[in-house]
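Observations on the three-dimensional arrangement
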Amino acid sequence: MSKRLKNYPDPQEVVNRYGADAVRLYLINSPVVRAEPLRFKEAGVHGVLKDVFIPWYNAYRFLVQNIKVWEEKTGEAFKPSKDQAIHSTNVMDRWLLATTQELICFVRQEMEAYRLYTVVPRLVDFINALTNCYVRLNRRRCKCANGNTQESYVSLCVLYECLMTLCRIMAPFTPFFTEYLYQNLRRIHPVASDSLSHA
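It should be emphasised that the depicted structure is a prediction, and the values quoted were computed from it without experimental measurement. (Residues numbered from 1 in each chain as written. Predicted model: local features only at pLDDT ≥ 70, side-chain atom pairs only at ≥ 80, totals over all residues. Heavy atoms only, no water.)

Once that is clear, we can look at the packing of aromatic side chains. Two measures describe an aromatic ring pair: the distance that separates the ring centres and the angle between the ring planes. Under the counting rule described, the total for this entry stands at seven aromatic pairs. On the numbers, 6.3 Å between centres and 20° between planes, the contact of F53 with W56 is stacked. A residue pair is termed a helical-turn pair when its members lie 3 or 4 positions apart in one helix, as F53 and W56 do in helix α3 (residues 42–74) at three residues. Under the relative-accessibility criterion, F53 is labelled buried at 5%. Accessibility expressed as a relative area gives 0% for W56, which makes it buried. Their ring planes at 70° and their centres at 4.9 Å tell us that W56 and F177 sit as a pair that is edge-to-face. Residue W56 is found in helix α3, and its partner F177 is found in helix α9 (residues 175–188); the two are separated by 121 residues along the sequence. Pair check on accessibility: W56 and F177 agree, each one buried. An aromatic cluster is defined as three or more aromatic residues linked by ring pairs; in this entry it consists of F53, W56 and F177. Over the ring of F106 we find R122; its NZ or CZ atom is 4.4 Å from the centre of that ring. (Phe/Tyr/Trp six-rings, centres within 6.5 Å; stacked < 30°, edge-to-face > 60°. Helix = DSSP H or I, 4+ residues; strand = E, 2+ residues; numbered from the N terminus. Buried < 20%, exposed > 50% of the residue type's maximum accessible area, 1.4 Å probe, protein only. Lys NZ or Arg CZ within 6 Å of the ring centre and 35° of its normal.)

Given below as structure tokens:
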């Protein structure tokens, strides 16, 4: 890339179009972090937005929409419970919680070794598992489609816990997006989210 030749897109335009977090994550996942040459491609930033941020936001939106459904059916305010989440006996719940813990261990290990570029592929895998496996296979359960509001409550608690954890994991990499999601998740139940953050 050359300033004289201007053979790269205007960084300000890319940030305005895709957001600073998408650019940051693209660069973290690029050869630059390994001190290798990089040919910056706007399509790469778009790929990060498509593979990471949109599915991640959709999982958050799915949670919020189904909390409203649960509240309408029960007449109660939703208060997430970490205890209900971690003691779930549902196979999918336990799988998602275990996958989340594996992600925590992996990111911590890679950060200690300063291998930032390994985090994004693992994050994409996790978000794919979250949206394409957990959310898709638990859609009816989360929506109280079977009339079992307790099962719906537990699955929503698990999804809430995983999204809160994902926000804390990703804060160093995508500070603006995670802050937006975190503050919105705190509004669901501030006391519960404070206790989770100190757990």
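Taken N-terminus to C-terminus, the directions of helix α5 (residues 91–112) and helix α8 (residues 149–170) make an angle of 10°; their axes are 10 Å apart at the nearest point. Looking at the two axes, α5 sits roughly parallel to α8. Residues D93, L96, L97, T100, L103, I104 and V107 of α5 touch α8, and the partners they reach there are V154, S155, V158, E161, C162, T165, L166 and I169. Across the contact of α5 with α8, the residue classes tally to 10 nonpolar, three polar and two charged. (Axes fitted to C-alpha atoms, helices over the stretch in contact; angles between N-to-C directions. Parallel < 35°, antiparallel > 145°, perpendicular 65-115°, else oblique. Contact = heavy atoms within 4.5 Å. Nonpolar A, V, L, I, M, F, W, Y, C, P; charged D, E, K, R; others polar.)

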